[in-house]
Every structure is written in C-alpha cells, then in structure tokens.
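# Coordinate analysis (summary)
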Amino acid sequence: MTRLSRALGAVLMGVFSPLALAAGLDMHKDSHCGCCSAWAEHMREAGFEVRLHDSPDMASVKQRLGVPQALASCHTATLTNEDGRRYLIEGHVPAEQVAWLLEASPDIDGLAVPGMPHGSPGMETGRLDDYAVLGFTADDARAMVVARYP
C-alpha cells in the first residue's frame, strides 16, 4: 500500500494524523494469530506503516520490552515518536488512540487493551464488549483509563 493510499484510507476513517503517516510500528505477534494480522491491517488503513515480526515466544518479547503482565494481550508493538521516545502498544488499541499518543506525547510508556475484547480493532466478531484503553508505565503497577469503548 502506498503512502498516498494509506493517507486516503486514514482520512476516510476519520483518524488522519500527519504523524501517523511518518510513524512506523514494529509489531511482534504469534505467526498463527489471525486477530493480530487484522489489527495490523486496521493500523495500515489508518496510515501507519506496520512491520510484522513473528515470534514463537511472545511472553519473552513482552518481558524484554517491559509490558506489565497484568496488561498483556496477544500482540505487542513499539512506536517511536519524532523526538525519539519509544512507546509500547499492547493489544487491540484503536488507531485513533495511537495517533493521540503520537500527538500528545504523554509521560507514559504505552497504551494497552488487556485481553482480547470483542469489537476492538482486529476482534470484530459481531459482538461488542465494553473495554478501556489504558495508559501505563512499565515500572508502576497502576494504569490510567485513557479512553472507553464502544
């Protein structure tokens, strides 16, 4: 997909961010997980470049990157902003929240959607679960609610 077609897709989705077009995600996932691939496509449609890295041992990837165990989901992505700050994206976080993270540059380590809630990006099963996007720091067990869905 070209940068132009990603930009057009992002505009149509209503989550366009010039920062998203410049931002690339490194996504770590199990090679057999279909919902992870669906989330990657959601991010691409919003204008993000997504580089996939299959890993047979996601637990060690999460530990190495600093994802709090209580916030774990099926995939983990890293994203670096213009200032060189690295953020973690854990699980099925909507693209609009990742765009917000880039624009706001809050003093957190990342965003997470723990578990695999139905209706979140990549988990479109026809059922809609309520879920929250949490902001977190790796060295603190507390997490704050950044957004609620649906």
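No experiment lies behind these values; they were computed from the predicted model shown.

## A closer look at the nonpolar core
- Membership of the largest hydrophobic core comes to 31 residues, with the highest contact counts inside it found for Leu25, Met43, Phe48, Ile89 and Val133.
- Every element with two or more residues in this core is listed here: β1 (24-29), α3 (34-45), β3 (76-80), β4 (86-91), α5 (95-104), β5 (110-113), β6 (131-136) and β7 (143-149).
- Residues Met58, Val61, Leu88 and Ala112 belong to the second largest nonpolar core, which totals 10 residues.

## A word on helix α4 (residues 58-65)
- Those residues of α4 not exposed but buried are Met58, Val61, Lys62 and Leu65. Buried residues in α4, looked at end-on, bunch into an arc of 95°, giving them a common side. Every exposed residue of α4 that faces more than 90 degrees away from the buried side is listed here: Ala59, Gln63 and Arg64.
- Along its buried surface, α4 packs onto β1, β3 and β4.
- Note on α4: the residue one or two positions beyond its end, glycine 66, has a positive phi of about 95°.

## Some thoughts on the confidence of the model for the chain
- Put simply, the chain has an average pLDDT of 88, and 85% of its residues get 70 or more.
- Taken as a whole, residues 1-15 scores under 50 in pLDDT and shows 28 contacts with residues more than four places along the chain or in a different chain.

## Thoughts on the pairing of β6
- Counted residue by residue, β6 has 6 buried out of 6 residues, so it is predominantly covered.
- What you see with β6 is no split at all: Tyr131, Val133 and Gly135 on one side and Ala132, Leu134 and Phe136 on the other are buried throughout.
- Note that β5 and β6 share 3 bridges and pair antiparallel. From the neighbouring strand, glycine 110 faces β6, where its bridge partner is phenylalanine 136.
- Two elements, β6 and β7, share 6 bridges in a ladder whose sense is antiparallel.

Cut-offs and rules
- Residue numbering note: each chain is counted from 1, following its sequence as written.
- Owing to the predicted nature of the model, reporting of local features is limited to residues with pLDDT of at least 70; listing and counting of side-chain atom pairs is limited to 80 or more, with chain, interface and lining totals taken over all residues.
- Remark: hydrogens and water are excluded; side-chain values derive from all non-hydrogen atoms of the structure.
- Nonpolar core, defined: a set of buried Ala, Val, Leu, Ile, Met, Phe, Trp, Tyr and Cys residues in which side-chain atoms within 4.5 Å join the residues together.
- Partly exposed describes any residue whose relative accessible area lies between the buried limit of under 20% and the exposed limit of over 50%, with all areas from a 1.4 Å probe on protein chains only and scaled to the type maximum.
- By the criteria applied, helices consist of DSSP H or I runs no shorter than four residues and strands consist of E runs no shorter than two, each listed in order from the N terminus.
- Arc definition: it is the arc formed by the directions from the helix axis to the C-beta atoms.
- The contact definition used throughout considers only heavy atoms, calling two residues in contact when any of these lie within 4.5 Å.
- pLDDT expresses how confident the predictor is about each individual residue, on a scale running from 0 to 100.
- The pairing criterion for strands is at least two bridges between them, as found by DSSP.

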